[in-house]
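Overview (structure and organization)
What follows is the residue order along each chain.
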Amino acid sequence: TKIIMAICVVLIAVKWTAPRFDEESLRGARVVVTGASTGIGEQLAYHYARFGAQIVITARREKVLQQVAEKCLSLGAQKALYIAADMSSESDPEKVVDFALEKLGGLDYLVLNHIGPSPFTVWQGDVEHTKWLMQVNFFSYIQMAWRALPSLEQSNGSLVIVSSLLGKTTSPFVAPYSSTKSALNGFFGSLYHELAMKKSNVSVSLCTLGLIDTEAAMDKVREVVNLPAYPATDAALNIIIIGATRQLELYYPWYTYIIVVTKDWFPSITNYIVQNSYNYIP
Ligand code: NDP
């Protein structure tokens, strides 16, 4: 009981001391959202639109982006532009940032959210896939962040990185994906310190998400694991708030924080629970 009470006290203190979110601050804000054709990225675009932002969205499927952009305009976006790009290419990540800088005349938020598809399965030695996924889920993030940094410096801007509980803990069947998310946490955690130490006015937000009910995620885990999935629209709103209030970390939903804080206290129990959460017969 003492441990549970201590955790509750910490959670309440964190909630109380969190800066207030002023949605007016997003009116006219210049925002790039990646992976915005479906899932959490699409919901991010709709929320920014409702707040009256100027948005550039990107993903590979141009037709779908066009539909999302049209909906953004109908929801109240001041601008909603789209650019098709493949983040597995060497040059597309920078091309997207350049497009946004040209069309919006600067940048306030760079929200990096896209992921390439990756199988939910036992690791079978596919190093090529892992390298490819590293380009899509990790290297493209650092390429875009570096390209956007001078402009974010000028605007007191924010870098928002959508990561995962699987970047903070270990779990079976997701070795390539998990390594890309760990890389993001390591890289942007380091960049955060460097920016803070040189008194940069660019904020970094790292988002640790648990299971969210996007089609892509549910298709993978439906038969395999029994975990509650939280709504993508709510996850997206929380990501926007953490960026707008310039906080370093989001844990969504709440249980992700408990897992990250307690996983090293009782490693054998944690590993037992992880390994027995899946319907897996070798
Ligand atoms: P989705 O699979 O629904 O969406 C992925 C997006 O990335 C799509 O818009 C897709 O569009 C785009 N994309 C895929 N490949 C490429 C590529 N090569 N180049 C450019 N864009 C690409 O993902 P979710 O919404 O479920 O996840 C969003 C974020 O949230 C990710 O960072 C994920 O790791 C994180 N997260 C999600 C969880 C969940 O349970 N859903 C849990 C924890 C973290 P297109 O096909 O048109 O290119």
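Here goes a summary of the coordinates provided. Please read all numbers here as calculations on a predicted model, not as lab measurements.

Bringing the overall build of the chain into the picture now. In terms of regular secondary structure, the chain is built from ten helices and seven strands. Scaling as 2.2 N^0.38, a compact globule of 282 residues should have a C-alpha radius of gyration of about 19 Å, and the chain matches this with 19 Å. Taking as baseline every contact in the chain between residues at least 6 positions apart, the subset at least 24 positions apart corresponds to 71%. Roughly 14,500 Å² of accessible area belongs to the chain as shown, and the carbon and sulfur atoms make up 58% of that amount. In the chain, 23 positive and 24 negative side-chain charges are present, and the distance between their average locations comes to 4 Å.

Turning our eyes to something else, we now look at the packing of helix H2 (residues 39-50) against helix H3 (residues 62-75). Contact geometry of H2 with H3 gives a least axis separation of 8 Å together with a crossing angle of 25°. Viewed along their axes, H2 and H3 adopt a mutual orientation that is roughly parallel. Considering only the axes of H2 and H3, their crossing is right-handed. Of the residues in H3, those in contact with Glu42, Ala45, Tyr46, Ala49 and Arg50 of H2 are Val68, Lys71, Cys72 and Leu75. A class-by-class count of the residues in the contact of H2 with H3 yields six nonpolar, no polar and three charged.

Among the seven residues that make up strand E5 (residues 158-164), seven are buried, leaving the element largely enclosed by the rest of the structure. Across the two faces of E5 the burial is the same, with Ser158, Val160, Val162 and Ser164 and Leu159, Ile161 and Ser163 all buried. Relative to E5, strand E4 (residues 109-112) runs parallel, the two being bridged by four bridges. In the strand pairing of E5, Val111 is matched with Val160. Read as a crossover between parallel neighbours, the route from E4 over helix H5 (residues 127-155) to E5 is right-handed. Pairing geometry for E5 and strand E6 (residues 203-209), over seven bridges, is parallel. Bridge assignment links Val162 to a residue of E6, and that residue is Cys207. Read from E5 through helix H6 (residues 175-197) to E6, the crossover connection turns out right-handed.

Tracing the backbone through its elements, the reader meets Ser118 in the loop between E4 and H5. Look at Ser118 and you get buried, because its relative accessible area is 9%. Engagement of the side chain of Ser118 in a polar contact is seen with the side chain of His129, the distance being 2.9 Å. Setting aside chain neighbours within four positions, we find Ser118 in contact with His129, Leu133, Pro176, Tyr177 and Lys220.

Moving on to a nonpolar patch on the surface. A cluster of nonpolar side chains, namely Ile3, Val261, Trp265, Phe266, Ile269, Tyr272 and Ile273, defines an oily patch on the protein surface of about 740 Å² accessible area. Here Ile3 shows up in helix H1 (residues 2-17). Note on Ile3: relative accessible area 48%, which makes it partly exposed.

Read across the open sheet, the seven strands follow the order E3-E2-E1-E4-E5-E6-E7; overall the sheet is parallel. The open sheet has two edge strands, strand E3 (79-84) and strand E7 (249-252), and neither has a second partner. Adjacent strand axes in the sheet meet at a mean angle of 15°, parallel and antiparallel pairs treated alike. As judged from the four bridges shared by E6 and E7, these two strands associate in the parallel manner. The residue of E7 that forms the bridge with Cys207 is Leu250.

Thresholds, definitions, all that
Residues numbered from 1 in each chain as written. Predicted model: local features only at pLDDT ≥ 70, side-chain atom pairs only at ≥ 80, totals over all residues. Heavy atoms only, no water. Helix = DSSP H or I, 4+ residues; strand = E, 2+ residues; numbered from the N terminus. Rg over C-alpha atoms; globule rule 2.2 N^0.38 Å. Contact = heavy atoms within 4.5 Å. Areas by Shrake-Rupley, 256 points an atom, 1.4 Å probe, with all protein chains shown as cover. Lys, Arg positive; Asp, Glu negative; His and termini not counted. Charge placed at Lys NZ, Arg CZ, Asp CG, Glu CD. Axes fitted to C-alpha atoms, helices over the stretch in contact; angles between N-to-C directions. Parallel < 35°, antiparallel > 145°, perpendicular 65-115°, else oblique. Left-handed = near helix turned anticlockwise from the far one by under 90°. Nonpolar A, V, L, I, M, F, W, Y, C, P; charged D, E, K, R; others polar. Buried < 20%, exposed > 50% of the residue type's maximum accessible area, 1.4 Å probe, protein only. Pairing = 2+ DSSP bridges. Right-handed = clockwise from strand over helix to strand, strands pointing away. Polar contact = N/O pair within 3.5 Å; in protein donor to acceptor, adjacent residues only side chain to side chain. Patch = residues over 30% accessible without salt bridge, like charges linked within 9 Å, V, L, I, M, F, W, Y side chains within 5 Å. Salt bridge = Lys/Arg side-chain N within 4 Å of Asp/Glu carboxyl O.

These figures capture arrangement, not role.
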